[in-house]
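# Structural features, examined
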Amino acid sequence: MKLAVYPGSFDPPTLGHLDVIERASRLFDEIIVAVGRNVSKVALLETEERMDAIRESTRHLGNVRIDSFAGLLIDYAKQMKADAVVRGLRATSDFDYEFQMAMVNRRLDTDIESVFLMTRWDYSYLSSSIVREVATLGGDFANLVPTPVVPIVRKALDRRR
Ligand code: ADP
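Summarised in this report is the structure supplied together with it. (Residues numbered from 1 in each chain as written. Predicted model: local features only at pLDDT ≥ 70, side-chain atom pairs only at ≥ 80, totals over all residues. Heavy atoms only, no water.)

Within the protein chain, the secondary structure is distributed over six helices and five strands. When the elements of the protein chain are put in sequence order from the N terminus, they spell out β-α-β-α-β-α-β-α-β-α-α. Taken over the C-alpha trace, the protein chain has a radius of gyration of 15 Å; the compact-globule value for 161 residues is 15 Å, and the two agree within 12%. Counting over 161 residues, the protein chain shows a buried share of 47%. Taking as baseline every contact in the protein chain between residues at least 6 positions apart, the subset at least 24 positions apart corresponds to 79%. Element-wise, carbon and sulfur atoms account for 53% of the exposed surface of the protein chain, whose accessible area totals about 9300 Å². On the protein chain, the mean spot of the 22 positive side-chain charges and the mean spot of the 23 negative ones are 2 Å from each other. (Helix = DSSP H or I, 4+ residues; strand = E, 2+ residues; numbered from the N terminus. Rg over C-alpha atoms; globule rule 2.2 N^0.38 Å. Buried < 20%, exposed > 50% of the residue type's maximum accessible area, 1.4 Å probe, protein only. Contact = heavy atoms within 4.5 Å. Areas by Shrake-Rupley, 256 points an atom, 1.4 Å probe, with all protein chains shown as cover. Lys, Arg positive; Asp, Glu negative; His and termini not counted. Charge placed at Lys NZ, Arg CZ, Asp CG, Glu CD.)

Here's what the structure looks like:
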C-alpha cells in the first residue's frame, strides 16, 4: 500500500490541481489531499469550502481522501504514515521554493519522499491566485476550475459583496 499526501492551499482548487490529483491517483494506492489551515488575510474560501470543492471534484476517483492539517507538513505526513508528499511544478517559478521545501522536509524525515508532477501544457500558467483575481474582478473563471467549484466560488464572492 503506497500512500501519498498532496498538500496545498487550494483557494480555490483549479483544473491544474485536479490534473495533479488524477495523475497521482494512478501512481499511488491512496492519495490524501490535505488542505493547509494557514490563516491568510487574502483567503477567498473557508477551509471546509475548499475541502467540499475538492471532494465534489474528485468523486470519480476511488482512492482519494480529503483532509485538512495545521502545522508542519512533515509531521502531518508522518502521522498519516505517508510514503510520499506530492507537489506540482509549473514554469520555473515553482522550482526554487519547492526545492527548498523538499530539502528541509528530507532533513526532518528521510523516509518520506517528495514526488513532483510536472504541470500539463494547458495549465502551466494556471494558479489559484489568477482564478481569485479573475473571479473577484467579475471575469469568467468557469473554464479554469472543475465544474463543482464554480458555485462554491460564486457563493464566496457574494459573501464578500
Ligand atoms: P501552496 O500554497 O501550498 O503552494 P497551492 O494550492 O497554490 O498551495 O498549490 C498546491 C500544489 O499544487 C503546489 O505544489 C503547486 O505547485 C501545485 N499546483 C498549483 N497549480 C498547479 C498547476 N496549474 N499545475 C500543476 N501544479 C499546480
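Past the structure itself, the notes keep going.
What surrounds the ligand is a group of 16 residues, the closest being Tyr6, Ser9, Phe10, Gly88 and Tyr123. A distance of 2.9 Å is found between an oxygen atom of the ligand and a backbone nitrogen or oxygen belonging to Phe10. At a separation of 2.9 Å, a nitrogen atom of the ligand approaches a polar backbone atom of Tyr123. Contact with the protein chains covers 85% of the free accessible surface of the ligand, which is 550 Å². The cavity that encloses the ligand is the largest pocket. Of all the secondary structure elements, the ones that give two or more residues to the shell around the ligand are strand 1 (3–8), helix 1 (15–27) and strand 4 (84–89). Along the lines of polarity and charge, the residues of the shell around the ligand split into six nonpolar, six polar and four charged. (Near = heavy atom within 4 Å. Polar contact = N/O pair within 3.5 Å; in protein donor to acceptor, adjacent residues only side chain to side chain. 1 Å grid on protein atoms, 1.4 Å probe; cavity = no way out; pocket = protein on both sides within 12 Å on 5 of 7 lines; lining within 4 Å. Sits in = over half its atoms within 2 Å of the grid points. Nonpolar A, V, L, I, M, F, W, Y, C, P; charged D, E, K, R; others polar.)

Right, let's talk about the sheet that holds strand 4 for a bit. Read from one edge of the open sheet, five strands run 3-2-1-4-5, paired in parallel fashion. The open sheet terminates on both sides in strands that have one partner only, identified here as strand 3 (64–69) and strand 5 (113–118). Across the sheet, the axes of successive neighbouring strands diverge by a mean angle of 30°, strand direction being ignored. In this sheet, strand 2 (residues 30–36) lies alongside strand 1 in parallel orientation, the contact comprising six bridges. Paired with Val5 across the two strands is Ile32, which belongs to strand 2. (Pairing = 2+ DSSP bridges. Axes fitted to C-alpha atoms, helices over the stretch in contact; angles between N-to-C directions.)

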